[in-house]
Amino acid sequence: MNVIKKVLTATALAGMMMAVAGAAQARDQIRIVGSSTVFPFSTTVAETFGKTTGFKTPVVESTGSGGGMKLFCAGVGVEHPDITNASRRIKASEYEKCTKNGVSITEVKIGFDGIVLANSKQSDRLTLTKKQIFMALAKQVPVDGKLVDNPYQKWSDIDPSLPNSKIEVLGPPPTSGTRDAFVELAMEGGAKKFESLKALRKSDKKAFKAIAHTLREDGAYVEAGENDNLIIQKLEANPQALGVFGFSFLDQNADKVQGSIVDGAEPTFENIAAGDYGVSRSLYFYVKKEHVGSVPGIQEFVNAFTNEDAWGDEGYLADKGLIPLPAADREQVKNSARGLQSLSM
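- Looking at an unreviewed UniProt entry, one finds the protein chain named Phosphate ABC transporter substrate-binding protein, with Kiloniella litopenaei as its source organism.

Here's the deal with the domain arrangement of the protein chain
Think of interface size as the accessible area that goes away when the parts come together; that is how it is often given.
And then number 1: Domain boundaries assigned for the protein chain yield domain 1 (31–112 + 282–339) and domain 2 (114–280).
And then number 2: Between the C-alpha centres of domain 1 and domain 2 the distance comes to 28 Å.
And then number 3: At the junction of the two partners, domain 1 supplies 21 residues and domain 2 supplies 15 residues.
And then number 4: Counting the surface lost from both domain 1 and domain 2, the interface buries some 1,300 Å², and carbon and sulfur atoms represent 54% of this.
And then number 5: Area buried by domain 1 at its contact with domain 2 is led by Ser36, Thr37 and Ile323, which between them contribute 35% of it.
And then number 6: Applying the counting criterion to the domain 1 and domain 2 interface returns two salt bridges.
And then number 7: Our count for the domain 1 to domain 2 interface comes out at six residue pairs in polar contact (both at pLDDT 80 or more).

With respect to unusual backbone geometry
And then number 1: Of note in the backbone geometry, Asp144 takes a positive phi value of approximately 55° without being a glycine.
And then number 2: With respect to the element layout, Asp144 can be found in the loop between strand 6 (140–143) and strand 7 (146–149).
And then number 3: You can call Asp144 exposed: its relative accessible area is 79%.
And then number 4: Of note, Leu340 is a non-glycine position whose phi angle comes to about 50°, a positive value.
And then number 5: Within the secondary structure, Leu340 sits in the segment after helix 15 (327–338).

Quick word on the state of the cysteines
And then number 1: On inspection of all chains with the given rule, the structure shows one disulfide.
And then number 2: Cys73 shares a disulfide with Cys98; S-S distance 2.0 Å. One quick way to see it: the torsion about the S-S bond of Cys73 and Cys98 is about -75°, and its sign makes the bridge left-handed. Placement of Cys73 in the loop between helix 3 (65–72) and strand 3 (83–86) and of Cys98 in helix 4 (residues 92–100) is noted, with a sequence separation of 25 residues between them. Comparing Cys73 with Cys98, the two get one shared label, buried.

Section: the packing of helix 8 (residues 195–203) against helix 9 (residues 205–213)
And then number 1: For the pair helix 8 and helix 9, interaxial distance at closest approach is 6 Å and the crossing angle is 135°. Taken as axis vectors, helix 8 and helix 9 run oblique relative to one another. Facing helix 8, whose interface residues are Leu197, Leu200, Arg201 and Ser203, helix 9 presents Lys205, Ala207, Phe208 and Ile211.
And then number 2: When its residues are assigned to classes, the contact of helix 8 with helix 9 shows five nonpolar, one polar and two charged.

Things to note about the environment of Glu61
And then number 1: Looking at the element boundaries, Glu61 is found in the loop between strand 2 (59–60) and helix 3.
And then number 2: In this structure Glu61 comes out as partly exposed when scored by relative accessible area, which is 30%.
And then number 3: Each residue touching Glu61, except ones within four places of it in the same chain, is listed here: Arg31, Ile32, Val33, Gly34 and Phe39.
And then number 4: A polar side-chain atom of Glu61 sits 2.9 Å from a polar atom in the side chain of Arg31.

Procedures and definitions
- Residues numbered from 1 in each chain as written.
- Predicted model: local features only at pLDDT ≥ 70, side-chain atom pairs only at ≥ 80, totals over all residues.
- Heavy atoms only, no water.
- Domains from an automatic or database assignment.
- Contact = heavy atoms within 4.5 Å.
- Buried area = accessible area lost by both parts, 1.4 Å probe.
- Salt bridge = Lys/Arg side-chain N within 4 Å of Asp/Glu carboxyl O.
- Polar contact = N/O pair within 3.5 Å; in protein donor to acceptor, adjacent residues only side chain to side chain.
- Helix = DSSP H or I, 4+ residues; strand = E, 2+ residues; numbered from the N terminus.
- Buried < 20%, exposed > 50% of the residue type's maximum accessible area, 1.4 Å probe, protein only.
- Disulfide = S-S within 2.5 Å.
- Axes fitted to C-alpha atoms, helices over the stretch in contact; angles between N-to-C directions.
- Parallel < 35°, antiparallel > 145°, perpendicular 65-115°, else oblique.
- Nonpolar A, V, L, I, M, F, W, Y, C, P; charged D, E, K, R; others polar.

Shown next as structure tokens:
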């Protein structure tokens, strides 16, 4: 009887080991999540990678930078994604969560992008300042030295030279890296133009950020989800509205929408590359080192993305709207990425 039990136990253990081994090999396709802004670049590389190598085309999902980080940092194993895209740098809290869950990371900065406030070509192009953007979209604004609930209903309420039309801006939700960058670059930049808020920033940075980062909830700012293509469609349907999204979507839809001039600079490839357009940011993807060698093709995908044919000055991603890093920076990032250098914060 004991012999039979031992045989059965050994058989069960062998079966469990085979099941675990099978689970480890259950995925032969790279899974990528994250930023809707990086999504078109990542998808283009994935499709090229699938066509030109012996590996399957990676699956790329647009979940937003924050949503992607949450999925990516949740753990190690085939049920978790291998790579996450981000239109902002990983936050310290996200890094800590990754580390806590046994995830070590390689960071790859892929280039730059501008954040645009665009409207339909059926309307006139807007010329705005960061201060006016803050006045239009902040939940509370200084009026006569006091912080009050935003009273501005029309653009012309802010400045008579602006259109006599309702303030309506379609933009990303809080889980989006585009939203994070927009409030940091445009809204904070505008808030600092008020002497009272500039002083508050020096005395209480947390309180300043709460004011600068909190957008209106009265219909002037409308959360339109992570789908930038949907915002483009809504702008066509409503020529009076503005939309907030990455330069690449403006570039791909230049026949339908136009980017507002901000602080005297137009959102163009050249202005963003030169640093002349003040609402621009870096783009990234992050690699889960524990999955390299377990899920086939991750190292090769990193190599493909950091190839000059892809992310270089004349690469196919520039045609999609990516503003490349300077050549010296690309070389440094390429060596770090291909060597799977661990990120430490």
